[in-house]
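Chain residues, written in single-letter form:
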Amino acid sequence: METSAPAEALERLAAVSRHRLDYLQTIQLERALSRVSFEEAPGFSRVKLAILASSTADHLVPAIRVGGLRRGLLLEVYLGQYGQYRQELLDESSPLYQFGPQVLLLSLGAHEAIAGTPLTTGLEDADAGLQPSIDELHMLWSKAREALDASVIQQTFLNVAEPLFGSYDRQVPGSPARLVARLNELLSEAAAADSVLLLDLARASEREGLDTWFDISRWLQGKLEIAPQAAPTYGDLAARVIAAQRGLSKKCLVLDLDNTMWGGVVGDDGLEGIVLGEGSARGEAHLALQRYAKQLSQRGIILAVCSKNEPSIAEDVFRDHPEMLLKRSDIAAFVANWNDKAANLELIAKQLNIGLDSLVFVDDNPAERARIRQSLPMVAVPELPEDPAKYVRCVAGAGYFEAVAFTAEDVQRAEQYASNASRQASLASSQSLDDFLSSLEMTVIAGPIQEVDLTRSAQLVNKTNQFNPTTHRYSLEEVQQFVGSESCLALRFRLSDRFGDNGLVSVMILRPDPEEADVLDIDTWVMSCRVFGRQLELEAMNVAVELAKQRGIRAFRADYIPTPKNRVVRELYPNLGFKPTPDAPPVEGASRWILALDDYEPRKTYIAREGS
Amino acid sequence: MTEQDILDLFTRILRDLLGDDSIVLTMDTRRDDVDNWDSFTYVNFIAVAEMELDVKFSVTDVESFENVGAIVRKAQALLA
């Protein structure tokens, strides 16, 4: 009991830390974290971190600890006295040495380094003026390594200089803005030479704007160089580097296909119907994600695909679509099937022989993301925005793939994984879906198609290719006739879950058999692929059987007519308890099925009924 | 927001910043009345108050607030 309770508390706090937190929430979470004692912390790496700063940095400590928690690090933090970084590092009897950090973060401002350089200085003199500061850093870094036995992370300099000449600043060697920019260049070279890691604050402030990072009021009031509102981001940046250093960065990007890698649903829209590539902003947005994935793969990140699709249809896009930037050979593990994605991610990790905690799962569908977060909390799941234009920013901004080196092995890695994985392309793995389905809190509104449903119903009948056993197409007027006919049963199903209303996602049209009045033929049954794997087909059949029995119907007849796209429903009718009949439709591979309604056992589902 | 709403918010903020749930701020509370409310925590408190209320105090104001009530009244004026 006593050993497991803190571990559980830690897991809970880590789950909270994965959300976007503002400054106050960060402080609150850190407060909770500091109340837990960490005798037992399985799955977390403990690291002793010292921060030495030339400005006030007290407000960064909680943020760094929370950033660490998010990345599997339990950070014990020592913060040096304000502005005393030289003294503490050089005096081996200082509290810093008693603390004994494994990592030292140096957070220094540029003021001192540029203070002595006159505005009139020339190019070479400007460098000479900055050099003593760089030399001092070399000295402090080697002291940290040799005497303190700590690895060093050096923060790049925040360029807070206001324009003096305006755009011309860059051409004046001694202008403050140009000096800080130059200082950062010299720092980068020096750090590379000494194998010191950088925390690139200068880059981050360019990306997000200096005003996000620097607040002159806070500087004047308390010498805070980093604004409190930026502390959570700072903490995350710092934690990324520390985590990367410990091999905790992610290794593999797992991509969904439909509406993630391209726009649309290939199973329904066809190869020609998906939106990808130049000429459409939406198509270019999806292409941009592919381009980013390709770049990641070139730097050694493994790519995988996890998609609910017919494998052959999915692979065809890679082979045949002219706008596809990613090729099948870029994908080290390719899993397209109708199984649960949690099981598929486990399969991918196994195929690639990496941990589940090395995966980043990118999927546009919030239900799939929730499923993974719930059943595989160690997998990183970015909360993808609805707008595909923002996909790359979302994935890149989260810093999953932070690196501390770039080697020849990195370049070869993706290839090696791809060949390993293709050797063991086998699967079959199942995991209990019950918790997930139950957590979706699904409700269905089921019943006859109403006037307002007609347009959507006709659209679904005409657009759906996958869950469509007969692929009969009907115009809006024809659907209207079925709805108006006494002898037909034309049903529609709207599915909601805790993420919202999925809308009208399934239509079933049953027509009377011309010879037997008490038999209904399932002429058309379509379902949107958005809701595959949710048991809606079971609940829909429950509803159809109930309503038909009320009308004195004895049996359902149903055909399966195969097309290149509807393989997903090949086993639909036998799975629902239908029996094969000998008189199949005259199409190769087609089959005809019959269900005696009295024999039908209503299926148990996690879908509640609501209204009609 | 009423005076009391802002006081409650300020109390919650300072409790989190100082890790002390026994703090209760009134309009008359001065910094000296609260243990550990040092100059850093004061700047930090002002920063969080600005973020939570979406207002910005001038450096002149922040230096001249004599008690919590003065901060509350200024916040109300900025929110009005």
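Basis of the calculations
- Residues numbered from 1 in each chain as written.
- Chains lettered and ligands numbered in written order.
- Predicted model: local features only at pLDDT ≥ 70, side-chain atom pairs only at ≥ 80, totals over all residues.
- Helix = DSSP H or I, 4+ residues; strand = E, 2+ residues; numbered from the N terminus.
- Buried ≥ 20, exposed ≤ 12 C-beta atoms within 10 Å, placed from the backbone.
- Contact = placed C-beta atoms within 7 Å.
- Core = buried A, V, L, I, M, F, W, Y, C linked by C-beta atoms within 7 Å.
- Domains from an automatic or database assignment.
- Pairing = 2+ DSSP bridges.
- Axes fitted to C-alpha atoms, helices over the stretch in contact; angles between N-to-C directions.
- Nonpolar A, V, L, I, M, F, W, Y, C, P; charged D, E, K, R; others polar.
- pLDDT = per-residue confidence, 0-100.
- Parallel < 35°, antiparallel > 145°, perpendicular 65-115°, else oblique.
- Left-handed = near helix turned anticlockwise from the far one by under 90°.

1. A word on the overall build of chain A
Turning to step 1, where the next piece is worked out: Scanning chain A from N- to C-terminus turns up 24 helices and 17 strands.
Turning to step 2, where the next piece is worked out: Reported as C-alpha extents along the three principal axes, the dimensions of chain A are approximately 100 × 60 × 50 Å.
Turning to step 3, where the next piece is worked out: Taking all 612 residues of chain A together, the buried fraction comes to 43%.
Turning to step 4, where the next piece is worked out: Across chain A, contacts joining residues at least 24 apart in sequence account for 72% of those joining residues at least 6 apart.

2. A short note on the nonpolar core
Soluble, globular proteins show a tendency: their nonpolar side chains are buried together.
Residues and elements named next belong to chain A.
Turning to step 1, where the next piece is worked out: In terms of nonpolar packing, the biggest core is built from 104 residues, with L253, V254, A304, L345, I348 and F361 touching the most fellow members.
Turning to step 2, where the next piece is worked out: Here this core spans two domains, since at least three of its residues come from each of domain 2 (252–435) and domain 3 (440–609).
Turning to step 3, where the next piece is worked out: The residues contacting L345, other than those within four sequence positions of it, are V254, C306, L356, L359, F361, I372, L376 and V379.

3. Thoughts on the sheet that holds strand β4 (residues 151–155) of chain A
All names here are of chain A.
Turning to step 1, where the next piece is worked out: With parallel pairing, the 5 strands of this open sheet are ordered in space as β2-β1-β3-β4-β5. This sheet does not close on itself; its edge strands, each paired only once, are β2 (73–79) and β5 (197–199). For this sheet the average axis-to-axis angle between neighbouring strands, irrespective of direction, equals 30°.
Turning to step 2, where the next piece is worked out: Note that strand β1 (residues 45–53) and strand β3 (residues 103–107) share 5 bridges and pair parallel. Paired with L52 across the bridge in β3 is L106.

4. Overview of the sheet that holds strand β17 (residues 607–609) of chain A
All names here are of chain A.
Turning to step 1, where the next piece is worked out: The strand order across the open sheet formed by 8 strands is β15-β16-β14-β13-β12-β11-β10-β17, and the pairing between neighbours is mixed. If you trace the sheet from one side to the other, it starts and ends with β15 (579–581) and β17, each paired once. Here the strands of the sheet are splayed against their neighbours by 30° on average, with no regard to which way each runs.
Turning to step 2, where the next piece is worked out: Here strand β12 (residues 500–512) pairs with strand β13 (residues 519–527) via 7 bridges, running antiparallel. The residue of β13 that forms the bridge with V507 is V526.
Turning to step 3, where the next piece is worked out: The strands touched by helix α23 (residues 536–550) within the sheet are β10 (442–448), β11 (489–497), β12, β13 and β17, with β11 carrying the most contacts at an inclination of about 140°.

5. Remarks on the interface of chain B and chain A
Interface extent is often summarised as the accessible area lost during association of the parts.
Turning to step 1, where the next piece is worked out: If you look at the interface, chain B gives 14 residues, while chain A gives 17 residues.
Turning to step 2, where the next piece is worked out: Elements with a minimum of two residues in the side of chain B that touches chain A: α1 (3–18), α2 (39–53) and α3 (59–64) of chain B.
Turning to step 3, where the next piece is worked out: Top contributing element to the side of chain B that touches chain A by residue count: α2(B), with 8 residues.
Turning to step 4, where the next piece is worked out: Looking at the side of chain B that touches chain A residue by residue, the classes come out as 9 nonpolar, 3 polar and 2 charged.

6. Concerning the pairing of β10(A)
Strand residues, when the strand is regular, have side chains that alternate between the two faces of the sheet.
Residues and elements named next belong to chain A.
Turning to step 1, where the next piece is worked out: Sheet topology note: the β10/β17 ladder contains 3 bridges and is parallel. Residue pairing for β17: T443 is matched across the bridge by A608.
Turning to step 2, where the next piece is worked out: Strand direction decides the pairing type here: β10 and β11, joined by 6 bridges, are antiparallel. Each bridged residue has a counterpart across the sheet, and for A446 the counterpart in β11 is F493.

7. With respect to the environment of G247(A)
Turning to step 1, where the next piece is worked out: Structurally, G247(A) is set in the loop between α12 (231–245) and β6 (252–255).
Turning to step 2, where the next piece is worked out: G247(A) sits 157 residues away from V404(A) along the chain, and the two C-alpha atoms are 9.2 Å apart.

8. What to know about the confidence of the model for chain A
Residue and element names in this part refer to chain A.
Turning to step 1, where the next piece is worked out: For chain A, mean pLDDT is 91; residues scoring 70 or higher make up 95% of the total.
Turning to step 2, where the next piece is worked out: Within chain A, no element has a lower average pLDDT than helix α19 (residues 408–423), which sits at 61, and none a higher one than strand β9 (residues 359–362), at 98.
Turning to step 3, where the next piece is worked out: Segment residues 422–431 is flagged for pLDDT under 50; beyond a separation of four residues in sequence, or across chains, it makes 10 contacts in the model.

9. Some points on the environment of D33(B)
Residue and element names in this part refer to chain B.
Turning to step 1, where the next piece is worked out: Looking at the element boundaries, D33 is found in the loop between α1 and α2.
Turning to step 2, where the next piece is worked out: Residue D33 is classed as partly exposed on the basis of its 13 C-beta neighbours within 10 Å.
Turning to step 3, where the next piece is worked out: Taking C-alpha positions, D33 is 9.9 Å from N67, a pair spaced 34 residues apart along the chain.

10. Here's the deal with the packing of helix α3 (residues 60–70) of chain A against α12(A)
All names here are of chain A.
Turning to step 1, where the next piece is worked out: The interhelical angle for the contact between α3 and α12, taken along N-to-C directions, is 50°, at an axis separation of 7 Å. Our classification of the angle between α3 and α12 gives oblique. For the pair α3 and α12, the sense of crossing is right-handed. Contacts from L60, A63, I64, V66, G67, G68 and R70 in α3 reach A231, P232, Y234, G235, D236, A238, A239 and I242 in α12.
Turning to step 2, where the next piece is worked out: Here the residues of the contact of α3 with α12 sort into 10 nonpolar, 3 polar and 2 charged.

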